[in-house]
Amino acid sequence: MARAFLFVLDSFGIGGAPDAADFGDDGADTLGHIAEFCAAGAGDRPGLREGPLSLPNMSALGLLHAAKLANGRMPAGMGLPHRVIGVYGAASEVSRGKDTPSGHWEIAGTPVIFDWGYFPAEGDAFPPELVEAICREGGVPGILGNCHASGTDIIARHGEAHMLTGKPICYTSSDSVFQIAAHERSFGLERLLAFCETVRQLLDDYNIGRVIARPFVGTTRKDFVRTGNRRDYSVLPPEPTLLDRLKGAGRTVHAVGKIADIFAHQGISRLIKANGNMALFDATLQAMDEAEDGDLVFTNFVDFDMLYGHRRDVPGYAAALEAFDKRLPDLDRRLKPGDIVILTADHGCDPTWRGTDHTRERVPVLAFGPGIRTRSIGVLPGFAGIGETVAKHLGVEPGLHGRSFL
């Protein structure tokens, strides 16, 4: 028997997607542009970080070589490792979106081959009949926002009015998503979660991928801050995923972070919540200590996307990558014979790109563990091979899409 550890660095794209132009993202490169900015001094922030991007552990796992496979060039200013340890490559998404569910479901062997529903970017985002139904079924006097927006900006803009009127703040983005921000105390966290469940049901006919609860605290726009009690309400994947196959075979799937929400809690054996990349890393290490033969520990490290990619914060993203990289030896020390670790991503979110949305990019695929032979696997035609590698490694039946790269 063996164990598998699958870690998604949310939004850590490496450029080069062959269909990037179809999404308006031709030239987007999350890793490449962060490295370029850092090499030029544009990634410095006093008290946070300075100098070229330094990721020695991921570089030794083949990250720079994977980036060259993806887009034909090495990231600027990053020195090559003395040697590469493990399997490295890149993967091109085949799902028809550049969103979190599409990327994660495809990683777990189930590509999204249908089109999600989206809300218009101009004028009111939500049709009047939907707003009327939301207010009626959700028991609220109205909504604020009703537009495409950045979450922190719209809370600053409407937070005080929300607290006075009791109207939730509803907004969207270029993803298939309906986001609802409300104050944890004046509106109530449990009320917000119940309200999101109601909205989730109303959106099924619109084919919207996720409803996201965005609770916040504070008293004025100067001190509003979102809390760690975010909750995603996703539709079910269109067919059984790797997680369903593992759970059906009697294995334990340890879901760390927002993994359970992304999969609508299907195929999940154990849910582990934590707030922030380093807390998620700590929770992952504990799950590794507790995982038994045949188990999967599946973690999403959300800060890269939520705090830095969407907010177009190059120094913040660079510092978060460097902090993650420094923790990898802690992970390596917990590996047993037969274990495999796979580091990858679900999409890009280039912090140098226009707008505040995800970017269509290839993602890195870095696999290592005792007995894993060093080699390049090139560019995988889809993310599903990642999940199928886990399936093969753990000895469960293969899925319908992709094949193991082992």
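Use the structure listed above.
Model, not experiment: these values are computed from the prediction. (Residues numbered from 1 in each chain as written. Predicted model: local features only at pLDDT ≥ 70, side-chain atom pairs only at ≥ 80, totals over all residues. Heavy atoms only, no water.)

1. A short note on the overall build of the protein
At step 1: Along the backbone of the protein there are 13 helices and 14 strands.
At step 2: Against the 2.2 N^0.38 benchmark of 22 Å for 406 residues, the protein shows a C-alpha radius of gyration of 21 Å, consistent with a compact globule.
At step 3: In terms of overall dimensions, the protein has C-alpha extents of about 60 × 50 × 40 Å along its principal axes.
At step 4: Put simply, the protein has 406 residues, and 60% of those count as buried.
At step 5: Partitioning the intrachain contacts of the protein with sequence separation of at least 6 by distance along the chain shows that 69% fall at a separation of at least 24.
At step 6: Surface exposure of the protein reaches about 15700 Å², of which carbon and sulfur atoms provide 50%.
At step 7: Across the protein, the centroid of the 41 positively charged side chains sits 3 Å from that of the 51 negatively charged ones. (Helix = DSSP H or I, 4+ residues; strand = E, 2+ residues; numbered from the N terminus. Rg over C-alpha atoms; globule rule 2.2 N^0.38 Å. Buried < 20%, exposed > 50% of the residue type's maximum accessible area, 1.4 Å probe, protein only. Contact = heavy atoms within 4.5 Å. Areas by Shrake-Rupley, 256 points an atom, 1.4 Å probe, with all protein chains shown as cover. Lys, Arg positive; Asp, Glu negative; His and termini not counted. Charge placed at Lys NZ, Arg CZ, Asp CG, Glu CD.)

2. Looking at the pairing of strand 2 (residues 87-91)
At step 1: Counting buried residues along strand 2, five of its five residues qualify, which places the element largely inside the surrounding structure.
At step 2: The alternating pattern of strand 2 places Val 87, Gly 89 and Ala 91 and Tyr 88 and Ala 90 on opposite faces, both of which are buried.
At step 3: Taken together, the five bridges between strand 2 and strand 13 (residues 363-368) define a ladder with antiparallel strand orientation. Bridging across to strand 13, Ala 91 finds its partner in Val 363.
At step 4: Sheet topology places strand 2 next to strand 14 (residues 375-380); five bridges connect them, and they run parallel. Among the inter-strand pairings, Val 87 is bridged to a residue of strand 14, identified as Arg 375. (Pairing = 2+ DSSP bridges.)

3. What to know about the sheet that holds strand 14
At step 1: Pairing is mixed in the open sheet, where eight strands are placed in the order 10-9-11-1-12-13-2-14. Strands at the two margins of the open sheet, each flanked by one partner only, are strand 10 (270-272) and strand 14. Averaged over neighbouring strand pairs, the angle between their axes works out to 15 degrees when direction is ignored.
At step 2: The pairing of strand 9 (residues 253-256) with strand 10 spans three bridges and is parallel. Residue pairing in the sheet places Ala 255 in a bridge with Leu 271 of strand 10.
At step 3: This element, helix 4 (residues 100-107), spans strand 1 (4-9), strand 11 (296-301) and strand 12 (340-344) of the sheet and lies at about 155 degrees to strand 1. (Axes fitted to C-alpha atoms, helices over the stretch in contact; angles between N-to-C directions.)

4. Structural notes on the pairing of strand 1
At step 1: Counted residue by residue, strand 1 has six buried out of six residues, so it is predominantly covered.
At step 2: Taking every second residue as pointing to the same face, both faces of strand 1 are buried, with Ala 4, Leu 6 and Val 8 on one and Phe 5, Phe 7 and Leu 9 on the other.
At step 3: Sheet analysis places strand 1 next to strand 11, joined by six bridges and oriented parallel. Paired with Phe 7 across the two strands is Thr 299, which belongs to strand 11.
At step 4: Alignment of strand 1 against strand 12, held across five bridges, turns out to be parallel. Following the sheet pairing, Leu 6 is matched in strand 12 by Ile 342.

5. A look at unusual backbone geometry
At step 1: One non-glycine residue with positive phi stands out, namely Asn 207, at about 60 degrees.
At step 2: Along the chain, Asn 207 turns up in the loop between helix 7 (184-202) and strand 6 (210-217).
At step 3: The phi dihedral of Arg 312 is positive, around 55 degrees, even though this residue is not glycine.
At step 4: Looking at where Arg 312 falls in the secondary structure, it is placed in the loop between helix 11 (303-309) and helix 12 (314-332).
At step 5: Take Arg 312: its relative accessible area is 17%, and that puts it in the buried class.

6. A short note on the packing of helix 10 (residues 277-290) against helix 12
At step 1: It is at 11 Å that the axes of helix 10 and helix 12 come closest, and there the two elements cross at 15 degrees. Overall, the two elements helix 10 and helix 12 adopt an arrangement that is roughly parallel. Regarding helix 10 and helix 12, the two cross each other, and that crossing is right-handed. Between helix 10 and helix 12, the contacting residues are Met 278, Phe 281, Asp 282, Leu 285 and Met 288 on the first element and Ala 323, Phe 324, Arg 327, Leu 328, Asp 330 and Leu 331 on the second.
At step 2: Of the residues belonging to the contact of helix 10 with helix 12, the class tally is eight nonpolar, no polar and three charged. (Parallel < 35°, antiparallel > 145°, perpendicular 65-115°, else oblique. Left-handed = near helix turned anticlockwise from the far one by under 90°. Nonpolar A, V, L, I, M, F, W, Y, C, P; charged D, E, K, R; others polar.)

7. Quick notes on the environment of Leu 243
At step 1: Its place among the elements puts Leu 243 in helix 8 (residues 242-248).
At step 2: Overall, the relative accessible area of 0% leaves Leu 243 in the buried class.
At step 3: For the pair Leu 243 and Asp 332, spaced 89 residues apart in sequence, the C-alpha to C-alpha distance is 24 Å.
At step 4: When near neighbours in sequence (up to four residues on either side) are disregarded, Leu 243 contacts Val 253, Phe 263, Gln 266, Gly 267, Ile 268, Leu 296 and Phe 298.

8. Observations concerning the pattern of salt bridges
Opposite charge on two side chains lets them pair, provided their charged atoms get close.
At step 1: Evaluation of the coordinates by the stated rule reveals 22 salt bridges.
At step 2: Put simply, Lys 258 and Asp 10 hold a salt bridge, and the shortest N to O gap is 3.4 Å. Placement of the pair is Lys 258 in the loop between strand 9 and helix 9 (259-262) and Asp 10 in the loop between strand 1 and helix 1 (30-39), with a sequence separation of 248 residues. With respect to burial, Lys 258 and Asp 10 carry one shared label: buried.
At step 3: Between Asp 44 and Arg 49 there is a salt bridge, with its nearest N and O atoms 4.0 Å apart. (Salt bridge = Lys/Arg side-chain N within 4 Å of Asp/Glu carboxyl O.)

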